[in-house]
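A structural walkthrough
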Amino acid sequence: MDIFKKLDVEKDTHSKNSLEIKEKVKCLIIGSGPAGYTAAIYASRANLNPVLYTGLQMGGQLTTTTDVDNYPGYPGGISGPKMMEDFKRQAERFGADVRFGIATSVDFSGRTHKVTFDDNKVVEADAVIIATGATAKYLGLESETRYAGMGVSACATCDGFFYKGKTVAVVGGGDTAAEEATYLAGLCKKVYLIVRRHELRASKAMQNKVFKSLNIEILWEHQTIDLFGENGVEGATLIKKKGTPEEETVKIKIDGFFLAIGHTPNSDVFKEYLETDQVGYIKTIPGTSKTNVEGVFAAGDVQDPHYRQAVTAAGSGCMAAIDAERYLSELK
Ligand code: FAD
Ligand code: NAP
C-alpha cells in the first residue's frame, strides 16, 4: 500500500536518524482486533477515510484461538484467524486503509493529535480511535506455551464449553477467578480453584458463589509449577505451602487449565495523556467511547475491565466510529 496516496503528505527530513513522515488523516484507528476493524467498517462507510494500524498482532487476540462459537452470525462456529480475516476484508471493502505499524508514542496536547508509529512515522489525525486490546497474564511456565490451544486458556467464557463434563483448574483468587470458576462449575464435572494465598481477593459476593458451588474444590496456598500430558493437558503439578515445613508436591488430573490472574490493558503508550483506572484500563465517559481528551476515543478490551468479549469489543468499536463521526462533523 502506498502510504503517500492519502490526504496531505509531507516529508520531514529533519529527523536525526531516519526519515520522519508526517501525514494528516481525518480518522486514525490503532489496533486490528474486533474493535479496531469494526470502527474501520463504520468510519469508512461514514466517509472518514480511516487509516488503521494493525500493531504486532494483526487480527488481535482471536488469532490465537481455534474455534469461536459465541459470535453471532456464525451458526457453525468459525476459526479465530478466519473470522478476523473476514473483519479485515469487510473494512477494506469500504475503503479502510489497513497498514502494519506499532504506535510507539503519542502527543495528544493539541487539537490535532499526533501518533508516532515504529518510532519514525508521525501521523496527525483529527480523531483517534484506540483499540489496542488487553493481554491476559500467564504464570510464565514453559508448559503454558507448549499447551496453548491444547488445554490452556485465559478465557472461560470463550473456551469453557469445550470442557463440558470434564475436570478443569482455574488459577487466581480475584473476582475474575471466582467468576470463571463459578461459570465453569455450571459446565464441568469438577473445578479446582488454585489459590496462592490462604484467602481470596474476590469480593464477598463472588466468594459466596464459589463456596456455594459443590463441585468447586479450593486448593489453598498452592502454586502451579508445571503442566503435563501426552497430546494436551492431562494434569498439573503444584506445590502446597511453598517454603514452609509442610511444603509438599501435589499432582492433580485435569483436562483444562484456565488462567485468571488478571489482564494488562495495552494502554502504556497513551498514559501520559489519558486517564486510566488503577489497572490501566482507559476511562471512557459511561455510555460513550469518549476519553478525557477531545477527539480521542477508546474501544474494546483496552477500556473494558468487565466483559472482554469479541462481540462487546466490536460493539464498542461501532460506538467509537459514530462518536468520532459526530465529533468531526462538529469540528467543521
Ligand atoms: P484485541 O483483539 O486484543 O486486539 C488488539 C489489537 O491492538 C491487536 O491488533 C494489536 O496488534 C493492536 N495493538 C496493541 N498495541 C498496539 C500498538 N501500540 N500499536 C498498534 N496496534 C496495537 N472472545 C469471544 O467473544 N469469543 C471467544 O471465543 C473468544 N476466545 C478467546 C480466546 C483466546 C485465547 C483469547 C486470548 C481471547 C478470546 N476472546 C474471545 C476474547 C476476545 O479475543 C477479546 O475480547 C477481543 O479480541 C478484544 O478485541 P479488541 O479489538 O479490543 O482487542
Ligand atoms: P485481580 O483482582 O488483580 O486478582 C488477580 C488474582 O490473581 C489475585 O488473587 C492474585 O493473587 C492472583 N495472582 C496474580 N498473579 C498470580 C500468580 N503469578 N500466581 C498465582 N496467582 C496469581 O484481577 P481480576 O480478578 O482479573 O480482577 C481485576 C479487576 O476487575 C478487579 O478490580 C475486580 O474487582 C474486577 N472484576 C470484577 C468482576 C465483577 O464484579 N463481577 C469480575 C471480574 C473482575 P493475590 O490475591 O495473592 O494477589
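Summary of the structure given here.

Definitions and limits used
- Within every chain, residues take consecutive numbers counted from 1 along the sequence as written.
- Chain labels run from A onward and ligand labels from 1 onward, assigned in the order the entries are written.
- Local features are withheld for residues below a pLDDT of 70 in this predicted model, meaning they are given only at 70 or higher, and side-chain atom pairs are given and counted only at 80 or more; totals for whole chains, interfaces and linings count all residues.
- In computing side-chain values, all of the structure's heavy atoms are included and hydrogens and water are not.
- Angles run from 0 to 180 degrees between N-to-C directions of axes, and those axes are lines fitted to C-alpha atoms, restricted for helices to the stretch in contact.
- Only DSSP runs of H or I covering at least 4 residues are called helices, and only runs of E covering at least 2 are called strands; the numbering of each starts at the N terminus.
- Handedness of a helix crossing follows the sense of rotation of the near helix relative to the far helix, less than a right angle counterclockwise being left-handed and clockwise being right-handed.
- Whether two residues are in contact is decided by their heavy atoms, any of which lying within 4.5 Å being enough.
- Each residue gets one label: Ala, Val, Leu, Ile, Met, Phe, Trp, Tyr, Cys and Pro are nonpolar, Asp, Glu, Lys and Arg are charged, and the others, such as Gly, are polar.
- Residue burial is assigned from relative accessible area. The probe radius is 1.4 Å, only protein chains are included, and a residue is buried under 20% of its type maximum, exposed over 50%, and partly exposed in between.
- Here the rule is simple: two strands pair whenever DSSP picks up at least two bridges between them.

1. Considerations on the packing of helix 5 (residues 175-185) against helix 6 (residues 204-212)
Contact pair helix 5 / helix 6: the axes reach a minimum separation of 9 Å and the direction vectors enclose 35°. The chirality of how helix 5 crosses helix 6 is left-handed. Packed against helix 5, whose contacting residues are Asp175, Ala178, Glu179 and Thr182, the element helix 6 presents Met206, Lys209 and Val210 at the interface. Classifying every residue of the contact of helix 5 with helix 6 gives 3 nonpolar, 1 polar and 3 charged.

2. Section: the pairing of strand 18 (residues 256-259)
The alternating pattern of strand 18 places Gly256 and Phe258 and Phe257 and Leu259 on opposite faces, both of which are buried. As defined by bridge partners, strand 11 (residues 152-153) adjoins strand 18 across 2 bridges and the pair is classed as parallel. Looking at the pairing, Val152 lines up with Phe257 of strand 18. Pairing geometry for strand 12 (residues 167-171) and strand 18, over 4 bridges, is parallel. Following the sheet pairing, Val171 is matched in strand 18 by Leu259.

3. Considering the environment of Gly165
Mapped onto the fold, Gly165 is located in the loop between helix 4 (156-159) and strand 12. By relative accessible area, which is 44% here, Gly165 ends up partly exposed. Expressed as a C-alpha distance, the spacing of Gly165 and Asp301, which sit 136 residues apart in the sequence, is 30 Å. Beyond its immediate sequence surroundings of up to four residues, Gly165 is in contact with Leu187, Cys188 and Lys189.

4. Looking at the sheet that holds strand 18
Pairing within the open sheet is parallel, and its 5 strands lie in the order 11-18-12-13-14. Looking along the sheet, the strands with just one partner apiece sit at the ends: strand 11 and strand 14 (216-219). Pairing of strand 12 with strand 13 (residues 190-194) involves 5 bridges; the strand directions are parallel. By the bridge assignment for strand 13, Val171 is matched with Ile194.

Read these as geometric descriptors, not functional statements.
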